[in-house]
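Here is what each chain is made of, one letter per residue.
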Amino acid sequence: MATGSGKTWTAIDTIKEMVQDEDNPIRNAIICIPKTIEEQWMQDLSERYSERHSDYYWNADKKEFADFFMDDHKNSVLLVSHWFLPQLIEVARKNPNKVKKTMLVIDELHNIGAPGYKGLVSTDDDEFDDEFDDQVKVVIKDLREDDYLPFPSRLGLSATPW
């Protein structure tokens, strides 16, 4: 979907539909997003997903992921910064039962593991600093094909044509 065409709203509506379907095991969602669009996601969730039970955050300021995994209420949402996706994958690898009722949504999926962004995880004098000064690109080392399998439902969002 093109930029501005409603990917966020579509994802939120998909999460709601999955959670509200009694025949579906999905009870909650983890939404992995770049730091640059955290505020947009929080606003859109507030406007379009009033049925949410609880919001949890896993970013530089808040690390409430343990509370999310202990919460068994339907409609809970964990917003995870792209920066913490490697740790989230590790939690899912080690504890697949903790995410067996969770939908994983990754916004700006094209940035995850992109070879062109290697080295941008931590930058000091990087040649890319001017171009990407407010964005963080994440490279997950040792990414395996089955890393996302513990999540029974997965949705990747991207406005790129490839």
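First, a word on what this report is: a plain description of the structure on this page. Keep in mind the model is a prediction, meaning the values are calculated, not measured.

Quick word on the sheet that holds strand β3 (residues 76–81)
No. 1: Read across the sheet, five strands follow the order β2-β3-β1-β4-β5 without closing on themselves; strand pairing throughout is parallel. If you trace the sheet from one side to the other, it starts and ends with β2 (54–58) and β5 (153–156), each paired once. Looking at each pair of strands side by side, their axes are set apart by 15° on average, direction ignored.
No. 2: Bridge count between β2 and β3: five bridges; the pairing is parallel. Residue Y57 lies in a different strand from β3, and its bridge partner there is L79.
No. 3: Taken strand by strand, helix α2 (residues 38–48) contacts β1 (28–33), β2 and β3, and its axis lies near 170° from that of β3.

Comments concerning the pattern of salt bridges
No. 1: Following the criterion strictly, the structure yields eight salt bridges and no others.
No. 2: In this structure, R52 engages D55 in a salt bridge whose closest nitrogen and oxygen atoms are separated by 2.6 Å.
No. 3: Taking the relative accessible area as the measure of exposure, R52 reaches 19% and is therefore buried.
No. 4: A salt bridge links D147 to R93; its shortest N-O distance comes to 2.8 Å. With a gap of 54 residues between them, D147 in the loop between β4 (102–106) and β5 and R93 in helix α4 (residues 85–94) connect regions that are remote in the sequence.
No. 5: Taking relative accessible area as the criterion, R93 reaches 26% and is therefore assigned partly exposed.

Regarding the nonpolar core
No. 1: The biggest cluster of nonpolar side chains holds 20 residues, and the ones touching the most others in it are I30, F69, L78, V80, L85 and L88.
No. 2: Elements with a contribution of two residues or more to this core: β1, β2, α3 (65–70), β3, α4 and β4.
No. 3: The leading source of residues in this core is α4, at five residues.
No. 4: The contacts of F69, once residues within four sequence positions are left out, are I30, L78, L88, V91, K98 and V99.

What counts and how
- Counting restarts for each chain: residues are numbered from 1 in the order of the written sequence.
- Where local features are concerned, this predicted model is filtered to residues with pLDDT of at least 70; where side-chain atom pairs are given and counted, the filter is 80 or more; whole-chain, interface and lining totals use all residues.
- The side-chain quantities take in all heavy atoms of the structure and omit both hydrogens and water.
- DSSP calls a pair of strands paired once it identifies at least 2 bridges connecting them.
- Each helix is a run of DSSP H or I of at least 4 residues and each strand a run of E of at least 2, with the numbering of both proceeding from the N terminus.
- Angles shown run from 0 to 180 degrees and are taken between the N-to-C directions of axes, each axis being a line fitted to C-alpha atoms and, for helices, limited to the stretch in contact.
- Throughout, a residue-residue contact means that at least one pair of heavy atoms, one from each residue, lies within 4.5 Å.
- A pairing counts as a salt bridge when a side-chain nitrogen of Lys or Arg comes within 4 Å of a carboxyl oxygen of Asp or Glu.
- To sort residues, take the accessible area from a 1.4 Å probe on protein chains only and compare it with the maximum for the residue type: under 20% means buried, over 50% means exposed, and anything in between is partly exposed.
- For this analysis, a nonpolar core means a set of buried residues of the types Ala, Val, Leu, Ile, Met, Phe, Trp, Tyr and Cys, connected via side-chain atoms within 4.5 Å.

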